Amino acid sequence: MPANLRDLDSFGEVAAEDDAILLNYFLSTDTVQRVEEGGAFLVIGRKGAGKTAIVRYFTEGNERDRSRALNLRNYPWNVHASRIDRGADAVDAYVASWRYLIAVQIAAWALENSQATFNDNQRPLREFLEANYGGPRPKLSDIIRPAKLRVRGFNVAPQVLGNALGSVDLERGEGDHNLGMELEALTQALLQSAVAVMRECRLGAFYLHFDELDAGLEEVNETRKQMLIGLILAIRGMRREMVALEAEAKPVLYLRTDLWDDLTFSDKNKITQGQSVLIEWTPDQLKDLVNVRLRSKLGDDVAWGNIIDEDLMRGSQPKWNHIVARTLRRPRDVIHFLNVALRVAKRRDDAELIFSNRDIVESRTDYSAYLKRELDDEILPHWRRWEEALQTLSAIATETFSAEGFGEEYPRKKSAGNPCDAGEALRLLHRFSVIGYLKRSGYGGSSWAFMYEEPDRGWDAHATQFKVHPGLKEHAGLREERR
Ligand SMILES: Nc1ncnc2c1ncn2[C@@H]1O[C@H](COP(=O)(O)OP(=O)(O)O)[C@@H](O)[C@H]1O
Ligand SMILES: [Mg+2]
């Protein structure tokens, strides 16, 4: 039975934070399970892969009492940058301040969730939060903002080098190396009380979700990298300590793949292998995601097959494959493509409306412009002048091209301020899935290696033939050549 697309307003918003009814059609995946049960504390995914969707599932779904979201969209990064621990190595320079921030969050959660019971350890937490933040639930952006933290109310006063700590100055001069040590003493005091409350009042597990660390990011500089590494190390350390204390406080960090790829520190591989999850979608999972939306919006018996006509596209390609081939296998791309196609289809006046091949084809130009903007968000912080490489592809004008052809055209487009030579440009274009390279397989066959399809394959500096991602074809004005 065909369904009627006239009854569908849209396939949903393209950003999880804008979708009021996301939880009506949230698709629970392996990633969710790895965070809930598998001990993963780092969720990595490209822009639009579904990081915020998972945070919303935790913080607004059945688990909402156990979860808090920390949205770093308007985080005072510059203030935090000044809270540098000069007594520590560069990699550790922000660990103490992030640990303190996490401890305050755990304390606030423990206090709020233990209201029904009395416990000796609530008072110090309440007094500390009151004295420094004016109440039991400090705003994220205020936690590291005070110039001075007042230390009071603790059953055992935190000590540094044998002296009781009366206060901690967060603003320090160049020559002062004590911030880390003092903050750590305070963090320990907060954790001690918070963990006692959590255990004695049997509060169970608490998840703290750090999201949107990339919001408004214009350039990935060294300070920002140090701060991200600091947060990762702080979370890892905190998790270990909580296990030792038999308390379940679990910070989780959601990070864009390109930012993670840019960080270097000694335990990175260990974390990648044991404690992180990469959000990946197969074409079938993406179809499930669409089907769940169709069921929720059009009725239990409606699925993809009910909203399309039977005609195959050019080259006997099913409509679904044609769409997925133009995405980076991210939900955001699929949802955007289908929303455009829906608008296009609705221009026809059929009373009973389903997608035709023409609807799909006519959506490609708008979709292609969208994909370029998405790539801008990801690539610009790493490579301000990537547009010049894209102009090179437009000048070559065919979907496939050679290293040689690129090497000839690129210098004509490249400006003096662009640090990437042709080889480096190709490598970066591949890293962000703008292009794939021709790889030969054992039996004389060959295929295109794109990063979004084969993230582990890496770059081949000797590759000679390349293909532009099909989703960019319209934006870049490319034509197919006959083989
Ligand atoms: N598990 C999921 N179930 C349903 N929709 C999802 C899921 N993951 C992502 N989406 C949808 O995909 C789009 C992009 O997800 P989002 O969480 O905003 O990406 P990110 O935060 O990684 O940039 C949003 O429209 C979101 O609703
Ligand atoms: Mg997000």
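Heads up: the structure comes first, above all this text.
To start, this report covers the structure provided alongside it. All values derive from a computational prediction rather than experimental measurement.

The rules behind each value
- Residues numbered from 1 in each chain as written.
- Chains lettered and ligands numbered in written order.
- Predicted model: local features only at pLDDT ≥ 70, side-chain atom pairs only at ≥ 80, totals over all residues.
- Helix = DSSP H or I, 4+ residues; strand = E, 2+ residues; numbered from the N terminus.
- Buried ≥ 20, exposed ≤ 12 C-beta atoms within 10 Å, placed from the backbone.
- Pairing = 2+ DSSP bridges.
- Axes fitted to C-alpha atoms, helices over the stretch in contact; angles between N-to-C directions.
- Parallel < 35°, antiparallel > 145°, perpendicular 65-115°, else oblique.
- Left-handed = near helix turned anticlockwise from the far one by under 90°.
- Contact = placed C-beta atoms within 7 Å.
- Nonpolar A, V, L, I, M, F, W, Y, C, P; charged D, E, K, R; others polar.
- Core = buried A, V, L, I, M, F, W, Y, C linked by C-beta atoms within 7 Å.
- Near = placed C-beta within 6 Å.
- Right-handed = clockwise from strand over helix to strand, strands pointing away.
- Expected span 1.5 Å × (residues − 1).

Things to note about the overall build of the protein
Right, on to step 1. For the protein, the helix and strand inventory stands at 17 helices and 13 strands.
Right, on to step 2. Counting only C-alpha atoms, the protein reaches 80 × 55 × 40 Å along its principal axes.
Right, on to step 3. Every one of the 483 residues in the protein was classed for burial, and the buried ones make up 41%.

Observations concerning the sheet that holds strand β12 (residues 446-449)
Right, on to step 1. If you trace the four strands from one edge of the open sheet to the other, you get β10-β13-β11-β12, paired in antiparallel fashion. The outermost strands of the open sheet, each flanked by one partner alone, are β10 (400-402) and β12. Ignoring which end each strand starts from, the neighbouring axes of this sheet average 35° apart.

A closer look at the environment of Ser-402
Right, on to step 1. Positionally, Ser-402 belongs in strand β10.
Right, on to step 2. Taking the C-alpha atoms as reference points, Ser-402 and Ala-463, 61 residues apart in sequence, are found 8.9 Å from one another.

Brief notes about the packing of helix α4 (residues 95-113) against helix α6 (residues 179-200)
Right, on to step 1. It is the contact of α4 with α6, at a shortest axis distance of 9 Å, that shows an interaxial angle of 20°. When the axes of α4 and α6 are compared, the pair comes out roughly parallel. Relative to α6, the crossing made by α4 is left-handed. Where α4 approaches α6, its residues Ala-96, Ser-97, Arg-99, Tyr-100, Ala-103, Val-104, Ile-106, Ala-107, Ala-110 and Leu-111 are matched on the opposing element by Leu-179, Gly-180, Leu-183, Glu-184, Leu-186, Thr-187, Leu-190, Leu-191, Ser-193, Ala-194, Val-197 and Met-198.
Right, on to step 2. Grouping the constituent residues of the contact of α4 with α6 by class yields 16 nonpolar, four polar and two charged.

What to know about the nonpolar core
Most often, soluble globular proteins keep nonpolar side chains buried together rather than apart.
Right, on to step 1. Among the nonpolar cores identified, the biggest contains 81 residues, and Val-43, Ile-106, Ala-107, Ala-110, Leu-186, Ala-194 and Leu-253 are the most heavily contacted of them.
Right, on to step 2. The leading source of residues in this core is α4, at 14 residues.
Right, on to step 3. Setting aside anything within four residues of it in sequence, one finds Val-43 in contact with Thr-31, Val-35, Lys-51, Ile-54, Val-252, Tyr-254, Val-277 and Ile-279.
Right, on to step 4. Grouped together as the second largest cluster of nonpolar side chains are 53 residues, Phe-337, Ala-345, Tyr-367 and Leu-426 included.

Overview of the site of ligand 1
Right, on to step 1. Around ligand 1 lies a shell of 23 residues, among which Ala-16, Gly-50, Lys-51, Thr-52 and Pro-331 are the nearest.
Right, on to step 2. Of all the elements in the fold, those that place two or more residues in the shell around ligand 1 are α2 (51-60) and α12 (331-346).
Right, on to step 3. Partitioned by chemical class, the residues of the shell around ligand 1 number twelve nonpolar, six polar and five charged.

A word on the pairing of strand β7 (residues 206-211)
Every other side chain in a regular strand lies on the same face of the sheet, so the side chains alternate between the two faces.
Right, on to step 1. Burial of β7 is extensive: six of the six residues sit out of reach of the surface.
Right, on to step 2. By the alternation rule, side chains of β7 split into Phe-206, Leu-208 and Phe-210 and Tyr-207, His-209 and Asp-211, which are all buried.
Right, on to step 3. Two strands pair when backbone bridges link them, and strand β2 (residues 67-71) and β7 are joined in this way by five bridges, in the parallel orientation. When the sheet's bridge partners are listed, Ser-67 is paired in β7 with Tyr-207.
Right, on to step 4. In this structure, β7 lies alongside strand β8 (residues 249-256), joined through five bridges in parallel fashion. Bridging from a neighbouring strand, Phe-206 pairs with Ala-249 of β8.
Right, on to step 5. Viewed along the sheet, the connection from β7 through helix α7 (residues 222-244) into β8 turns out right-handed.

Brief notes about the sheet that holds β2
Right, on to step 1. Pairing within the open sheet is parallel, and its five strands lie in the order β2-β7-β8-β1-β9. Edge positions in the sheet fall to β2 and β9 (276-278), since each has one partner strand and no second. Shown here is a sheet whose adjacent strand axes are inclined to one another by a mean of 20°, direction ignored.
Right, on to step 2. Against the sheet, α2 makes contact with β1 (42-45), β2, β7 and β8, and its axis sits at roughly 150° relative to β7, the strand it touches most.
Right, on to step 3. Its contacts with the sheet place α4 against β2, β7 and β8, and it is angled at close to 135° to β7.

Some points on α4
Right, on to step 1. Between its first and last C-alpha atoms α4 spans 27 Å; for 19 residues at 1.5 Å apiece the expected length is 27 Å, and the two agree.
Right, on to step 2. The element α4 is largely enclosed, with a buried count of 17 among its 19 residues.

Brief notes about the packing of helix α5 (residues 122-133) against α6
Right, on to step 1. Across the interface, α5 lies against α6 with an axial gap of 8 Å and an inter-helix angle of 130°. Relative to α6, the element α5 lies oblique. Taken as a pair, α5 and α6 cross one another with a handedness that is left-handed. Here Gln-122, Pro-124, Leu-125 and Phe-128 of α5 come into contact with α6, specifically with Leu-190, Ser-193, Ala-194 and Val-197.

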